[in-house]
Each structure stands twice: as C-alpha cells, then as structure tokens.
Amino acid sequence: MCGIVGYIGDRDCVPIIIEGLKRLEYRGYDSAGIAVLSDGTKEVIKTKGKVSELEAEVAKQGLAGKMGIGHTRWATHGVPNQLNAHPHFNQEKTLFLIHNGIIENYSELKNKLIKKGYSFYSETDSEVVVNLIDRYIKKGRDLAAAVKYALNKIDGTYGLAVMYENEPDKIVVARKGSPLVLGIGEGEYYIASDVNALIAYTQHVVYLNDDEIAEITKDSFTVRTITDEEIQHEILKVEMTEDEITKSGYPHFMLKEIMEQPLSIENSMRGRFITDEGIVKLGGLIGYEDRIARSKRIILSACGTSWHAALVGEYMLEEFTGIPVEVEYASEFRYRNPIVGEDDTVFFISQSGETADTLAAMREAKRKGALALGICNVVGSSIARESEAGVYIHAGPEIGVASTKAFTSQLVVLSLITILIARKRNMDFEIGVELIENLKALPQKVEEILKLNDEIEKIAEHYVNSNNFLYLGRGYNFPVALEGALKLKEISYIHAEGYPAAEMKHGPIALIDENMPTVFIAPKDAVYDKILSNIEEVKARKGKIIAIAHVDDTRIDELVDHVIKIPECHYLFQPILNVIPLQILAYHIAVKKGLNVDQPRNLAKSVTVE
Ligand code: M6R
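Residues numbered from 1 in each chain as written. Predicted model: local features only at pLDDT ≥ 70, side-chain atom pairs only at ≥ 80, totals over all residues. Heavy atoms only, no water.

A.B. asks: Would you explain a positive patch on the surface in this entry?
C.D. replies: Residues Lys115, Lys116, Lys139, Arg141 and Lys153 make up a contiguous surface patch of positive charge. Its location among the elements puts lysine 115 in helix 3 (residues 106-115). For lysine 115, a relative accessible area of 75% translates into the label exposed. (Patch = residues over 30% accessible without salt bridge, like charges linked within 9 Å, V, L, I, M, F, W, Y side chains within 5 Å. Areas by Shrake-Rupley, 256 points an atom, 1.4 Å probe, with all protein chains shown as cover. Salt bridge = Lys/Arg side-chain N within 4 Å of Asp/Glu carboxyl O. Lys, Arg positive; Asp, Glu negative; His and termini not counted. Charge placed at Lys NZ, Arg CZ, Asp CG, Glu CD. Helix = DSSP H or I, 4+ residues; strand = E, 2+ residues; numbered from the N terminus. Buried < 20%, exposed > 50% of the residue type's maximum accessible area, 1.4 Å probe, protein only.)

Dropping the structure here:
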C-alpha cells in the first residue's frame, strides 16, 4: 500500500506532488510527507493524517522547488505519526527516500547499521533503506550504485524513490513487488505508484518491472536491472481521462462508481460477442481457449471482493462447462504447497492487479506449470503483465476503497469466460445465444435498480444504529450475501456476516432478536420457497428483515419489513443485479453514520503487503 509521487523538471514540483498524492490517497491515508531538493532548497515536511493536512502545512511554509518526492502512508511498521511518515532521511539530511512495500529483514539490517554507528528516529522498516544507501555512498559509490548495492541486501518488496543533495539533478527509483510508473513529459519526468497521479500531465508512461532501477534527470532516464543490464522500455500511451478519476460532482467516489455500473458493465462486454453464433471472443485468451477447455480443473484465486466474484464464478463455470472448479484465497494458496500442475488452469482475479498475495499465488501456480491467467481491471498492473494471458474487465478506474463496479464487471467477465469455454465443450448454440441476450440486457436493468437509490436511502435510516447484520442467500446468491456483508462492514464498521441461508439453522439463528436485521437475497429461483421458509423462521423470532426480491413478487411483501424490488434476469447473472441494492444500502448507512466511505479506517485500496 502507500502511494509515492515524484517530479523533476522546470515547474514547481510541490502542487504536482500534492495533487498526485491526493489521487493516490486510496492507497493509504494515515500520514503524508514531501521532500524538495532544488536550487538551494532542501526541505522535508511531514504530517499525520490525510494529504490535506500536508497541503495546509506546505502552503504555510511556502514550499516550492523543481525536484521533489512525496508519500501517502498506510502504516505497516510503526504507528501513523509524523516521525514515521515518509520521506525518510539519513543523519546528515542529505539523502531522502520514499518507499512503498515491506523490508522483511529490516530488523537484522538495522542492528548491523546501529553497530556501525547509525541511529534511527522512526519505527519504520523504510528508514533502514535510506541508511543502507547512505552507507554505500560513504564507501564511495554514486547514488544509483549505492541504491543497487543496498537493494541487493534487502529481502522484501519496494517501489521507492531517492534524492541525494550531492547529485541534485537526479532521482533514482527502483521497483520490486510494488508498482512504479514513470510519466514522460517534455523536459520533465513524473514518478508514481500508478498512473492516476500523473494522468493530468502526461499520457506517456513506462512501467518499471521488478528488479529494475531507473536514473532520472529532467532530460532523460535510463533503466538497468539490479544485475546491471541496460533495459530499453517501450513508452506506452495510457487511455484514461481525468474525468474518470475525479468525483464528477458526486459526494463520494463510491457513489459515483455505483452509479457508473450501467456503463462499466457495458464496457466489460463491449465487442466481445458474436451473437449470431452464440459465442464470445476474448482477445486476451486467443490461443489459450482449447487448453482451458481441456483443463482437468479450473482454480479461481483472489482476495476480498474479488474472491467473492470467484465464488460466483465457481458456480457458473462448474454448472456450464462441467469442469471441476475450486476457489482459493490467494493468501492460503501460496503458502500451502498446493497440488497444481499442467492440467490446471488458474485464473487470478484482482481489480488492482497488485494485491501481494494474489501476485505471489500466481507466481507459485506458474512455477508449478499451471496455466496462470489474469482477470484484472488496472491495465499494465503486475498481475496483468506477469500472467501468461488474461482478460481486462474494463470497469474504468475504481478509487473508492470499497469495490463496487469492479465486482459487477468481474462477474460479467466470468460469465463471458463461462460461455466461451462451455461453447467449446458442450453448450448448445441456443443456450449461448440466450445467455448473450441476457447479458446484453443487463445495463438497462441496472439503470432501473439505480433509480431505487432514494428508496434504499430511506430504508438505510432504520438501520444506522444497528450493531450487527446478517446477510443470507443461496446458490449463486450466497457469494452475494458475503459481498453485501463485506460492503457494510468495511465502510460502516457494523459487524456483518454473510451465510448460505440454509446454514442459518446451524448456528446464526441464535443471534436473531428484534435488534438483529437480516438481509435476504430472495429472487424467484429454484430455491425461492426454501428462502421464504428461512424468512418465516427469522420473522418468528422477531428479527427485522430486508429482502431483495423480483419486481413481480407479491408473496414476500407481507413477510418482511422492507423489500427492494429489482428486475428479473437469467439466474446466472442475477448476482450482478442483486449486489447493487446491497452496495447502495451499505453506502447510505455509512454516510448517515458520518463516516468517510471512500477512505474507511485501517483500509487501503490495494493491499500490496502480505
Ligand atoms: O485489487 P484486488 O481485487 O486484488 O483487491 C482485493 C481486496 O483487497 C479488495 O477486494 C478488498 O476486499 C476491498 N476493500 C473490498 O471492497
């Protein structure tokens, strides 16, 4: 986590860095800092709290300069405070460093440095790196060489940038396991953890790979590997507009992203159907379809919301392709020496494409010979680049920490993969056409659901003071129950649990009383009558009930306290519709509690640490 930004050129770097940090705040927001080194200015300012605190302090001190680096932090080692905030510096304050990642052997390195006479002011692992670089400089290396030698001593992950007073025209950056992108301007360069921070200035970028170090002056950059091999990088053009990364009049990114879903869902399927033939084409999987269709097993691996999407994917793929499917938490998969090999296809699902556990799990699957494929949103992200092939979900930038539109687009892409592979195996042409027609109708149905925003807001008012929530669903809608509970808990801090509805009787029913709201996902599907019985059981125990039901369902009206009626679609895609009212409900409860829904406490958008 953490966001890093840097600038070198002829303009004042301070507003560029502050603006960039604001755009990266989704990566961490407990403290922030900036260092400027240019034309006689040498200044570091750090503040606890959000980037706006730093902005105010920087304005108060009138900081300006043509080269600088900045950081917004998500604490791993050391509490969020001013001392632990980055940039970190050496004792003489000649060397300044920002770091995103974790130095696993920091404690051992720190002890060695202390024995050599170094002292430390912070509790962070990152401060070790700046002192290690300092040590190599004192041994006579230049900045780039000192960074290289220091990194050779480090176990862990980093996206980092360093400036040195005695080489005042240069920033050295390096990457391993944490993303780093260079923005190419005219006579100026930008550095950032992701393109959001620099898209206002340039669309031309270079994504550094792991184990690469770049030396950047205002006129040029060179990239070498940590083993000193020179690398020529292609300069890529990023297709992203500024509007996509601003709130565009919405009070929160989360609400904007919920409301964008008709378009994001449309974009996830755009150009991917051959409707007449009932087939799907996914450019990123061309050449791999037969191998996937022949797999003995498909594994879907992910974390958080993406893991919930994987669970829906399991239901879809197994039912329609007939291939056994397993879903794995990436964090478990990577550490349990999984039995996986050439007969397996493993899809790694990640909005950011940077989740450390998912990336590591993917490397493990590749090492073992499985076909490792990515399903990502962020173009050029680590998982997208390191997977053998894959599919972009094209949801557009998702900035709110709570994932919303990425989830529905992940479900769309999993549906497309299901049709693609099932048609290669045993799915009829007619079913292919029927599913495609159903998918095409989704954006319009999502529009209908979004019109319920005010109605759902009124329902939210009843539950602002609830301490617990239960979410229940069956079959394809069990993962939706999990996702609804996660949305509520991460932004409203209300304890919420998702369960398969039938499991309620095996324990959670003990929790039901008049203070315990239960959300039932109750479309008219094969298990509708069973869900109604579960609703009766909760009602008999005086539990409050909110139901998500089909628009023509009248039976449910008398049984529940609140019902949100949504359009019907093929049961395979119903999770895509059912989750949207749950996103809206969580959003309004959190807003009514006065919470910052875009930046909930303790969380960050991409979890790039283990
Ligand atoms: O970027 P990823 O999809 O790999 O992220 C996985 C989780 O960290 C993420 O879904 C997280 O659970 C969200 N906060 C959920 O809203």
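A.B. asks: How do you make sense of the nonpolar core when you look at a structure like this?
C.D. replies: In summary, soluble globular proteins display a tendency toward joint burial of nonpolar side chains. Counting residues in hydrophobic clusters, the biggest one holds 94 residues, and the most contacted among them are Leu300, Ile417, Phe469, Tyr471 and Leu585. Sort the elements by how many residues they give to this core and helix 13 (residues 405-424) lands first, with 12 residues. Here this core gathers at least three residues from each of two domains, domain 2 (247-440) and domain 3 (444-598). Beyond its immediate stretch of four places on either side in the chain, tyrosine 471 contacts Ala481, Gly484, Ala485, Leu488, Ala496, Glu497, Gly498, Tyr499, Val519, Leu582 and Leu585. (Core = buried A, V, L, I, M, F, W, Y, C linked by side-chain atoms within 4.5 Å. Domains from an automatic or database assignment. Contact = heavy atoms within 4.5 Å.)

A.B. asks: How should I be thinking about the site of the ligand in this particular structure?
C.D. replies: Of all residues adjacent to the ligand, which total 14 residues, the nearest are Ser306, Ser350, Ser352, Thr355 and Glu490. Here an oxygen atom of the ligand sits 2.7 Å away from a polar atom, N or O, in the side chain of serine 352. Here threonine 355 contributes a side-chain N or O atom positioned 2.4 Å from an oxygen atom of the ligand. Counting atoms within 2 Å of the grid points, the majority share of the ligand lands in the second largest pocket. Put simply, the parts of the chain that give the shell around the ligand at least two residues each are helix 9 (304-321) and helix 17 (478-492). (Near = heavy atom within 4 Å. Polar contact = N/O pair within 3.5 Å; in protein donor to acceptor, adjacent residues only side chain to side chain. 1 Å grid on protein atoms, 1.4 Å probe; cavity = no way out; pocket = protein on both sides within 12 Å on 5 of 7 lines; lining within 4 Å. Sits in = over half its atoms within 2 Å of the grid points.)

A.B. asks: What is the right way to look at helix 16 (residues 453-461) in this model?
C.D. replies: In an α-helix there are 3.6 residues to a turn, and that puts residues three or four apart on one side. Those residues of helix 16 not exposed but buried are Asn453, Ile456, Ile459 and Ala460. Buried positions in helix 16, seen along its axis, are confined to an arc of 120 degrees and lie on one side of it. In helix 16, the exposed residues that point more than 90 degrees away from the buried face are Lys458 and Glu461. For helix 16, the secondary structure elements touched by its buried residues are helix 6 (253-259), helix 15 (442-450), strand 26 (544-550), strand 27 (562-566) and helix 19 (574-592). (Arc of directions from axis to C-beta.)

A.B. asks: I would appreciate a short explanation of the sheet that holds strand 26 in the present structure.
C.D. replies: Where strands meet in a sheet, backbone hydrogen bonds hold them as pairs that are either parallel or antiparallel. Within the open sheet, the 5 strands sit side by side as 24-23-25-26-27. Their pairing is parallel. At either end of the open sheet lies a strand with only one pairing partner, and these are strand 24 (495-500) and strand 27. The sheet shows a mean angle of 15 degrees between the axes of neighbouring strands, direction not considered. Here strand 26 pairs with strand 27 via 5 bridges, running parallel. Its bridge partner lying in strand 27, alanine 547 is registered against valine 563. (Pairing = 2+ DSSP bridges. Axes fitted to C-alpha atoms, helices over the stretch in contact; angles between N-to-C directions.)

A.B. asks: Would you mind going over the packing of aromatic side chains with me for this structure?
C.D. replies: Two aromatic rings are characterised by how far apart their centres lie and by the angle between their planes. Under the definition given, this model contains 12 aromatic pairs. Geometrically, the ring pair formed by tyrosine 7 and tyrosine 190 is tilted, given 5.2 Å between the ring centres and 55 degrees between the ring planes. Of this pair, tyrosine 7 sits in strand 1 (residues 3-8) while tyrosine 190 sits in strand 10 (residues 189-192), and the two are 183 residues apart along the sequence. Here tyrosine 7 matches tyrosine 190 in class, with each residue buried. Look at tyrosine 190 and tyrosine 201: their rings are 5.1 Å apart centre to centre, the planes differ by 10 degrees, and that puts the pair in the stacked class. (Phe/Tyr/Trp six-rings, centres within 6.5 Å; stacked < 30°, edge-to-face > 60°.)

A.B. asks: What's the story with empty space enclosed by the protein in this structure? I'm lost.
C.D. replies: Gaps left between atoms are located by rolling a probe of water-molecule size over the structure's atoms. Inspection of the entire model under this criterion finds 1 cavity of 30 Å³ or more. Taken as a whole, the largest cavity encloses approximately 90 Å³ of empty space. What lines the largest cavity is a set of 14 residues, among which Cys2, Thr76, His86, Gly101 and Asp125 lie closest to the centre. Broken down by class, the residue content of the lining of the largest cavity amounts to 5 nonpolar, 7 polar and 2 charged. (Points joined across faces, edges and corners; volume = space filled by probe spheres on them. Nonpolar A, V, L, I, M, F, W, Y, C, P; charged D, E, K, R; others polar.)

A.B. asks: Help me understand unusual backbone geometry in this model?
C.D. replies: In the segment running from histidine 86 into proline 87, the intervening peptide bond is cis, with an omega of -5 degrees. Locating proline 87 in the fold gives a position in the loop between strand 4 (67-73) and strand 5 (88-89). At aspartate 228, a position not held by glycine, the phi torsion is positive, near 80 degrees.

On their own, these measurements won't tell you what the molecule is for.
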